[in-house]
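Now for the letters of each chain:
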Amino acid sequence: MTFARSVVVRHEQINTQLARFPSSRYMGSKHAILPFIYEIVKEQEFSTVLDACSGSGAVSYLFKSMGKAVTSNDFLRSCFHTAQACIANSSEHLTQDDIECILAPHPAANDFIAQTFRGLYFTDEENVLLDNAATHIMGMTSPFKQSLALAALIRACLRRRPRGIFTYTGIRYDDGRRDLQISLEQHFREAAILFNQAVFDNGQINKACNSDIFQLPAQQFDLVYVDPPYVSPHSDNDYTRRYHFVEGLARYWQGLEIQEKTQTKKFRRLPSSFDNKKSIYQAFHRLFAQFQDSIIVVSYSSNGIPSKDEMLDILAQYKHNVTIHECDHRYSFGTHGHKLSNEQNIVKEFLFVGR
Ligand SMILES: C[S@@+](CC[C@H](N)C(=O)[O-])C[C@H]1O[C@@H](n2cnc3c(N)ncnc32)[C@H](O)[C@@H]1O
């Protein structure tokens with residue numbers, strides 16, 4: 001009885017904490033199905049966990065809220081900064097002075113954005129603000145504050161953009177939504193508050209990594225959560241194409257090769273073994289072999305490649321006991337089959353648990 005009561009209280013605490021996570025429309029985000037994931041992972045015994053492809057960071061945040069020692073990894077620098085800000089960081093916040101400083105002119109500001117992206121995504125003034133803010137942020141000495149600031153700046157750019165993507169150009173669009181009416185500066189201010197509110201200490205040492213999953217230094221985790229991009233017959237899974245501007249911003253385009261002939265000025269796609277039909281099967285084999293000694297939890301959508309049966313077959317080669325759980329989920333546009341009918345946005349979400 002007492003035990004049951006303490007479990008209820010714990011669930012409420014987790015829910016309260018989860019409500020502080022800045023939700024986003026990141027492609028493939030599992031934010032909307034966190035309760036489903038929670039119901040399954042709470043039955044597993046584990047203290048350390050790797051979120052191998054963390055994306056928006058929502059699942060890492062769930063694990064952190066559950067009191068686990070979390071390592072959050074994604075090969076995109078933009079995702080890494082969100083994880084560093086909300087998962088690895090347990091105590092640092094942006095002060096009002098930090099926010100004002102980031103928004104003020106910098107005496108030696110770069111002008112890469114103003115020069116390269118003029119007229120493409122934001123107004124001239126907003127481009128100058130971004131160049132100034134990025135220069136200030138690069139000079140910050142605390143890595144956690146730097147990530148908080150970058151995560152907020154990235155969120156501001158995504159919210160200010162219709163549909164939150166950078167696959168098309170043009171700045172004159174307004175469907176009346178508040179997000180498109182308020183300034184980039186205001187978006188940054190609001191995002192900074194949101195990210196500050198998301199910071200908490202769960203009593204563990206949590207980490208954020210920015211690595212291709214196959215390059216992560218060997219380390220033992222009790223549980224590994226796997227949610228890579230799946231090849232889909234209905235839409236591409238190209239994160240670079242959608243998010244090149246904010247990924248570029250997170251790196252200030254250092255080491256990135258802009259494809260000058262493209263209208264969007266995107267940079268060359270960052271290669272991943274999960275990119276195409278040919279390499280994806282081998283990638284899952286490699287991944288499951290790499291984490292064979294951990295409980296492996298895999299998120300999977302019904303319209304993905306490999307098929308559900310193929311996924312079961314691959315995972316069963318590495319784990320003796322595999323269970324499959326499912327729930328219905330409707331993705332927003334920009335993820336699964338958005339160019340086709342709405343019906344194809346409704347997918348079954350599966351969670352494979354291999355023990
Ligand atoms: C489906 S999303 C993950 C969504 C995440 N679970 C969430 O709730 O937001 C897939 C992520 O895998 C990352 N990714 C793709 N290939 C990768 C690789 N080889 N190593 C690490 N991350 C990779 C992408 O950058 C993307 O953020």
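Residues numbered from 1 in each chain as written. Predicted model: local features only at pLDDT ≥ 70, side-chain atom pairs only at ≥ 80, totals over all residues. Heavy atoms only, no water.

What follows concerns the pairing of strand E1 (residues 48-51). Both E1 and strand E2 (residues 69-73) contribute to a ladder of four bridges, which runs parallel. Within E2, the residue paired with Leu-50 across the bridge is Thr-71. Viewed along the sheet, the connection from E1 through helix H3 (residues 58-65) into E2 turns out right-handed. Note: E1 against strand E4 (residues 223-226), three bridges, orientation parallel. Within E4, the residue paired with Val-49 across the bridge is Leu-223. (Pairing = 2+ DSSP bridges. Helix = DSSP H or I, 4+ residues; strand = E, 2+ residues; numbered from the N terminus. Right-handed = clockwise from strand over helix to strand, strands pointing away.)

What follows concerns helix H4 (residues 77-88). Most of H4 is tucked away: eleven of the twelve residues are buried. Elements in contact with the buried residues of H4: H3, E2, helix H8 (143-160), helix H10 (184-198), strand E3 (207-209) and helix H11 (239-251). (Buried < 20%, exposed > 50% of the residue type's maximum accessible area, 1.4 Å probe, protein only. Contact = heavy atoms within 4.5 Å.)

Our next topic: the side chain of Thr-135. Considering the arrangement of structural elements, one finds Thr-135 in helix H7 (residues 124-138). Among the polar contacts made by the side chain of Thr-135, one reaches the main-chain carbonyl oxygen of Asp-131 at a distance of 2.6 Å. Dropping the residues within four chain positions of it, Thr-135 is found in contact with His-106, Ala-108, Ala-109 and Asn-110. (Polar contact = N/O pair within 3.5 Å; in protein donor to acceptor, adjacent residues only side chain to side chain.)

Around the ligand, the structure places 22 residues, and the nearest of them are Tyr-26, Ser-56, Asp-74, Asp-227 and Ser-272. Within the backbone of Phe-75, an N or O atom sits 3.3 Å from a nitrogen atom of the ligand. In isolation the ligand exposes 600 Å². Once the protein is present, 99% of that is buried. Most atoms of the ligand, that is more than half of them, are within 2 Å of grid points of the largest cavity. Residues that form the shell around the ligand fall into these classes: ten nonpolar, eight polar and four charged. (Near = heavy atom within 4 Å. Areas by Shrake-Rupley, 256 points an atom, 1.4 Å probe, with all protein chains shown as cover. 1 Å grid on protein atoms, 1.4 Å probe; cavity = no way out; pocket = protein on both sides within 12 Å on 5 of 7 lines; lining within 4 Å. Sits in = over half its atoms within 2 Å of the grid points. Nonpolar A, V, L, I, M, F, W, Y, C, P; charged D, E, K, R; others polar.)

With that settled, consider the confidence of the model for the chain. Summing up the model confidence of the chain, the mean pLDDT is 92 and the portion of residues at 70 or higher is 93%. Predicted confidence is poor over residues 333-341, with pLDDT under 50, and the contacts of this stretch with residues over four places away or in other chains come to 22 contacts. (pLDDT = per-residue confidence, 0-100.)

Two elements in contact, helix H12 (residues 277-290) and helix H13 (residues 308-316), have axes separated by 9 Å at closest approach and are oriented at 35°. The handedness of the crossing between H12 and H13 is right-handed. Contacts between H12 and H13 involve Tyr-281, Phe-284, His-285 and Phe-288 on the former and, on the latter, Glu-310, Met-311, Ile-314 and Leu-315. Along the lines of polarity and charge, the residues of the contact of H12 with H13 split into six nonpolar, one polar and one charged. (Axes fitted to C-alpha atoms, helices over the stretch in contact; angles between N-to-C directions. Left-handed = near helix turned anticlockwise from the far one by under 90°.)

As a further point, take the sheet that holds strand E5 (residues 295-301). A sheet is described by the order of its strands in space; here seven strands give the open sequence E3-E2-E1-E4-E5-E7-E6, paired in mixed fashion. Each having just a single partner strand, E3 and strand E6 (322-330) make up the two edges of the open sheet. Each strand axis lies, on average, 15° off the axis of its neighbour in the sheet, ignoring direction. Of the strand pairs in this sheet, E6 and strand E7 (residues 346-354) are connected by nine bridges, and their pairing is antiparallel. Within the sheet, the bridge partner assigned to Val-322 lies in E7 and is Gly-354. Sheet contacts for H4: E2 and E3; angle to E3, the most-contacted strand, approximately 175°.

Turning to empty space enclosed by the protein, a few remarks are in order. The final tally for this structure, using the stated rule, is one cavity of 30 Å³ or more. Taken as a whole, the largest cavity spans an internal volume of roughly 590 Å³. Along the wall of the largest cavity there are 44 residues; nearest its centre are Met-27, Asp-227, Pro-228, Pro-229 and Tyr-239. Secondary-structure elements contributing two or more residues to the lining of the largest cavity are H3, H11 and E5. Ranked by the residues each element gives to the lining of the largest cavity, the list is headed by E5, at three residues. Here the lining of the largest cavity is built from residues that sort into 18 nonpolar, 17 polar and nine charged. When residues are assigned to domains, the lining of the largest cavity turns out to be shared by domain 1 (1-76 + 208-236 + 277-355) and domain 2 (92-198 + 238-273), each giving three or more. (Points joined across faces, edges and corners; volume = space filled by probe spheres on them. Domains from an automatic or database assignment.)

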